[in-house]
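The chain contents come next:
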Amino acid sequence: MRCLPPFGLVTLRHTQSGVAREHHLANHPERQLVAHLTSVHKGSDIRIHRKECLSLAAAKYKVLLIAPGPAAHAAHSALVGSPRIPIPSSRLTRMCLTPWRVVAAAVRMGATLYHAHDPELLPWLFALRCLGKAVVYDMHENTPKSILSKPWIPAPLRRLSAAMYRVLERILLWRIPVVFAEDSYSKDYPWVTTFAVVRNYPLLDDLLNISEVPYTTPTVAYLGGVAPERGSAVVL
């Protein structure tokens, strides 16, 4: 596997005023404990676990991965640990209680930097930032736009919900470095001045290691999460 640069740490070495105090995190990686936090994704998520956590570990950082579900999925020798967080039983629990459990576990273990991956974690990330902690937000999707296609939100309320979220998001992301998953995100977030773009491309080594015999007929490969809102119906 090809390791990517340490997320949030190397990036922050070149930031503008307001986050320059995090510069020291890249100087002595063996002394730092980076906590990757998610209340939505599995601990085995490729972007979080393999691309980011293992890349940091390869750069000699101590890495903590906290996600709902069994800790066994993250039992990799390169990681410091993976505290067990109960799988939420409902959407309300996932949005309100699980984020607190995830952040509290990271605080108890004395993390140096908190790298969050979900919108539900933004209020806690903002609180940590206000307390002087080093934080990074990993934007996996353009949430205001994705709200417009959420089936569990009544259609008449989607535009209003998206507008309200955009305002709240801007407040909570104040002076927080962001990792965008696509180049297009920066156009919708011109007020985010400290950011890096890390695309969600498949790992090249995984593709090169596929040993399946090539098909004789034209074939379409769908990479990523298969769902109608991600274009599966259009592809079919």
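Residues numbered from 1 in each chain as written. Predicted model: local features only at pLDDT ≥ 70, side-chain atom pairs only at ≥ 80, totals over all residues. Heavy atoms only, no water.

Peer 1: Which residues make up the sheet that holds strand E6 (residues 178-180), and what values go with them?
Peer 2: Strand order in the open sheet formed by seven strands is E3-E2-E1-E4-E5-E6-E7, and the pairing between neighbours is parallel. At either end of the open sheet lies a strand with only one pairing partner, and these are strand E3 (84-85) and strand E7 (195-197). Across the sheet, helix H3 (residues 91-108) touches strand E1 (33-37), strand E2 (62-68), E3 and strand E4 (113-116), and the angle it forms with E2 is around 160 degrees. (Pairing = 2+ DSSP bridges. Helix = DSSP H or I, 4+ residues; strand = E, 2+ residues; numbered from the N terminus. Contact = heavy atoms within 4.5 Å. Axes fitted to C-alpha atoms, helices over the stretch in contact; angles between N-to-C directions.)

Peer 1: I'd love a proper account of the pattern of salt bridges, names of residues and values included.
Peer 2: Under the counting rule described, the total for this entry stands at seven salt bridges. The partner of Arg-47 in a salt bridge is Asp-138, and the shortest N-O contact between them spans 2.9 Å. A residue pair is termed long-range when its members are at least 10 positions apart, and Arg-47 in helix H2 (residues 46-58) and Asp-138 in strand E5 (residues 134-139) qualify at 91 residues. As far as burial versus exposure is concerned, Arg-47 and Asp-138 are alike and both buried. Several salt bridges converge on common partners, so that one network encompasses Arg-47, Glu-52 and Asp-138. (Salt bridge = Lys/Arg side-chain N within 4 Å of Asp/Glu carboxyl O. Buried < 20%, exposed > 50% of the residue type's maximum accessible area, 1.4 Å probe, protein only.)

Peer 1: Explain the pairing of E5 residue by residue, including any values.
Peer 2: Taken across its six residues, E5 has six buried, putting it largely inside the fold. Both E4 and E5 contribute to a ladder of four bridges, which runs parallel. By the bridge assignment, Leu-113 is partnered in E5 with Ala-134. Taking the sense of rotation as the criterion, the β-α-β connection linking E4, helix H4 (residues 122-130) and E5 turns out right-handed. Two elements, E5 and E6, share three bridges in a ladder whose sense is parallel. Along E6, the bridge assignment pairs Met-139 with Phe-180. (Right-handed = clockwise from strand over helix to strand, strands pointing away.)

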